[in-house]
Amino acid sequence: TLDDRIDTLTRGLMAITVSCARCHDHKFDPIPQQDYYSLAGVFNNTEASELPLAPEDVVKVYQDHQQKITDIAQKRTDLRKLAKDEGRELTDQEEEQYKQWEEQVKELKEESPPKYDFAHVLAETGSEDMPVAIRGDLRKPGEVAPRRFLKIVAGADPPPFAKGSGRLELAEAVTSPRNPLTARVIVNRVWMHHFGKALVRSPSNFGTLGLKPTHPELLDWLAVTFIESGWSLKSLHRLIMASAT
């Protein structure tokens, strides 16, 4: 999961293959293995969660009802476990009680209110830095990698992220006007979807193994204009489609 998130973020928005540095320093681009775990540490302090899109009282009614089901189901499990631990079968009285609980669970499930609407979100779980995994093996931790942005973009000694997991600071670094990659990657992808071919023919790799832009000055100008428009995709589409191109 961590590797997929890093790959999606870095190739999708910045066209650099940071995932290649999971087990060793990148073989072609100046991305050390520590940078991979600096980003991995951010996502390692998050988890998938459900954000309710309903009033609190609606959420509480649903959750209270589910808790009743869970409590009764747990009683059934505990009764079975008790008999198993004692090396015996359920007594007639216990069997009758078990069936009653089973019926109650069935009725409660049938009467359950529909689940409220919710959104899938990432939630904060901590702010710990992650050690480098030697040869990509998490069972062999190396030196700790401070959560911070990529040196190839932010310089030799980027400041560490200090707010929770670091997701907000990471987002700000990715979309910073001083980041030379993100705006170029986005306008390159938009150009590709309009015309079938991108200005950089390898839209997910601007690195050493990627292809050079066919029109570098145009790519630069579109990127700067895109940023100056407030990162407006609508303005970018209009600019391209209303041009002589």
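The structure this text deals with has already been given above.
Model, not experiment: these values are computed from the prediction.

Thresholds, definitions, all that
- Residues numbered from 1 in each chain as written.
- Predicted model: local features only at pLDDT ≥ 70, side-chain atom pairs only at ≥ 80, totals over all residues.
- Heavy atoms only, no water.
- Helix = DSSP H or I, 4+ residues; strand = E, 2+ residues; numbered from the N terminus.
- Buried < 20%, exposed > 50% of the residue type's maximum accessible area, 1.4 Å probe, protein only.
- Contact = heavy atoms within 4.5 Å.
- Areas by Shrake-Rupley, 256 points an atom, 1.4 Å probe, with all protein chains shown as cover.
- Lys, Arg positive; Asp, Glu negative; His and termini not counted.
- Charge placed at Lys NZ, Arg CZ, Asp CG, Glu CD.
- Core = buried A, V, L, I, M, F, W, Y, C linked by side-chain atoms within 4.5 Å.
- Expected span 1.5 Å × (residues − 1).
- Phe/Tyr/Trp six-rings, centres within 6.5 Å; stacked < 30°, edge-to-face > 60°.
- Lys NZ or Arg CZ within 6 Å of the ring centre and 35° of its normal.

## A look at the overall build of the protein
Piece 1. Scanning the protein for helices and strands turns up 9 helices and 4 strands.
Piece 2. What you see in the protein, going N to C, is helices and strands ordered as α-α-β-α-α-β-β-β-α-α-α-α-α.
Piece 3. Looking at the 245 residues of the protein, the share that counts as buried comes to 35%.
Piece 4. The long-range share in the protein, meaning contacts at least 24 apart out of those at least 6 apart in sequence, stands at 62%.
Piece 5. Within the structure as shown, the protein displays about 15000 Å² of accessible surface, and the carbon and sulfur contribution to it stands at 54%.
Piece 6. Charge separation in the protein, taken as the distance between the mean sites of 32 positive and 37 negative side-chain charges, equals 8 Å.

## Side note on the nonpolar core
Piece 1. Of all hydrophobic cores here, the largest spans 24 residues; its most connected members are Val18, Tyr37 and Leu170.
Piece 2. Within the residue set of this core, elements represented by two or more residues are helix H1 (2-14), helix H2 (33-44), strand S3 (130-133) and helix H6 (167-174).
Piece 3. Among the elements that take part in this core, H2 stands out by supplying 6 residues, more than any other.
Piece 4. Within the second largest apolar cluster, 13 residues are counted, among which are Ile186, Leu219, Phe226 and Ile240.

## Things to note about H2
Owing to its 3.6 residues per turn, the α-helix brings residues three or four apart onto one side.
Piece 1. An ideal rise of 1.5 Å per residue puts 16 Å on 12 residues; H2 measures up with 16 Å between its terminal C-alpha atoms.
Piece 2. Of all 12 residues in H2, 11 are buried; the element is thus mostly enclosed.
Piece 3. Those residues of H2 lying buried are Gln33, Gln34, Asp35, Tyr36, Tyr37, Ser38, Leu39, Ala40, Gly41, Val42 and Phe43.
Piece 4. Each element contacted by the buried residues of H2 is listed here: H1, strand S1 (46-52), S3, strand S4 (141-145), helix H5 (151-154) and H6.

## Section: the packing of aromatic side chains
Piece 1. Scanning the model with the defined rule gives 4 aromatic pairs in all.
Piece 2. Here the aromatic rings of tyrosine 62 and tyrosine 116 are separated by 5.5 Å at their centres, their planes lie at 90 degrees, and the arrangement is edge-to-face. Within this pair, whereas tyrosine 62 is found in helix H3 (residues 56-85), its partner tyrosine 116 is found in the loop between helix H4 (92-111) and strand S2 (118-124), the two being separated by 54 residues in sequence. As far as burial versus exposure is concerned, tyrosine 62 and tyrosine 116 are alike and both buried.
Piece 3. Between phenylalanine 226 and tryptophan 231 the ring centres are 5.3 Å apart and the planes differ by 70 degrees, which places this aromatic pair in the edge-to-face class.
Piece 4. Of the residues examined, phenylalanine 226 reaches a relative accessible area of 3% and is grouped as buried.
Piece 5. Taking relative accessible area as the criterion, tryptophan 231 reaches 25% and is therefore assigned partly exposed.
Piece 6. Against the face of tyrosine 98 rests arginine 80, its NZ or CZ located 4.4 Å from the ring centre.
Piece 7. Here the guanidinium or amino end of lysine 115 rests over the ring plane of phenylalanine 118, the centre of that ring lying 4.6 Å away.

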